[in-house]
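Observations on the model geometry
So the chains spell out like this:
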Amino acid sequence: MNGSRTRLRLRRLGIAAVGALAVVGVAAGPAAAHAEVTASDPRALAENVTLSFTSEAESETAGIAELRVVLPKGIAADTLTLKDAPKEWKLTATADGYTIGGPALATGTDAEYSVTVRQLPDEKSLAFKTLETYGDGKVSRWIEVPTNGEKVDNPAPVLELKAAAPGAKLIVPGPSPTPSSAAPSVRPPTASPSAPVASASARAAGDEDAGSGTGAVVGAIAAVLVLAAAGAFWWMRRGRGRA
């Protein structure tokens, strides 16, 4: 009787142990590999913040060679500077974020790097969708953004932000150059256009002078003709009076 009870208890303990292991395995499965981000000052509108990224290696045959990150709204690639990265890795801006990579890391080595951002946007959370490319061409996509507390298989690194500090303001980009402050456009020399204008003025003045001279000559000729006609008329009357 006692032997039967002992065997029953052992059987129950075995089933419980197997169930516990199964639960642990399920819980650990999705967390086996992931990408994450932390910040030196996780507050909205914080300035000169260091963002540290970690992408855990999940390949058993190749190391991580490149990471492509899609930046969230409010952070532009030109506001980032690379602070720390694996040896010979470089950061290159893209249309929607940046890539960082170089020689493939040793197999099983996590990719860790950090950047400094000029200012965090006024948001509650920031998602940094990340694509990991391994030396053998394999790509892991951590691009899913959980909503309403749901769980996803490939979550993107998400940074939760606290409220902005009192008095914090959004940095306004510098104004674009105005027409007055912009570099002057190339224009043709002013001497060339003035030369034809001066020539035209000279020609106009010459024509006016020539017109005045011609009028004087015509007037003199007309006066001579009038005098000649008057003289001829007087001579003819005189001749008739003698006759």
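Residues numbered from 1 in each chain as written. Predicted model: local features only at pLDDT ≥ 70, side-chain atom pairs only at ≥ 80, totals over all residues. Heavy atoms only, no water.

Most of strand 7 (residues 111-119) sits inside the fold, with seven of its nine residues counted as buried. One ladder, built from eight bridges, connects strand 2 (residues 47-55) with strand 7; its direction is antiparallel. Following the sheet pairing, threonine 50 is matched in strand 7 by threonine 116. Direction of pairing for strand 4 (residues 80-84) relative to strand 7: antiparallel, over a ladder of four bridges. Across the sheet, leucine 80 pairs through a bridge with valine 117, a residue of strand 7. (Buried < 20%, exposed > 50% of the residue type's maximum accessible area, 1.4 Å probe, protein only. Helix = DSSP H or I, 4+ residues; strand = E, 2+ residues; numbered from the N terminus. Pairing = 2+ DSSP bridges.)

Another point: the environment of lysine 162. Residue placement: lysine 162 occurs in the loop between strand 11 (158-160) and helix 2 (191-242). In the structure, lysine 162 is positioned 120 residues away from proline 42 in sequence and 6.2 Å away in space, judged by C-alpha atoms. The residues contacting lysine 162, other than those within four sequence positions of it, are Pro42, Arg43 and Ala44. (Contact = heavy atoms within 4.5 Å.)

Scored by pLDDT, the chain comes out at a mean of 75, with 57% of its residues at no less than 70. Note on residues 13-31: pLDDT under 50 across the span, and one contact to partners over four residues away in sequence or across chains. In the model, residues 174-214 has pLDDT below 50 throughout and makes one contact with residues more than four positions away in sequence or in other chains. (pLDDT = per-residue confidence, 0-100.)

Moving on to the packing of aromatic side chains. In total, this model carries three aromatic pairs according to the counting rule given. Where phenylalanine 53 meets tyrosine 113, the ring centres are 5.0 Å apart and the plane angle is 10°; that geometry is what we call stacked. A residue pair is termed long-range when its members are at least 10 positions apart, and phenylalanine 53 in strand 2 and tyrosine 113 in strand 7 qualify at 60 residues. Both residues of the pair, phenylalanine 53 and tyrosine 113, belong to the buried class. Ring-pair connections join several aromatic residues into one group, and the members of that group are Phe53, Tyr98, Tyr113 and Phe128. (Phe/Tyr/Trp six-rings, centres within 6.5 Å; stacked < 30°, edge-to-face > 60°.)

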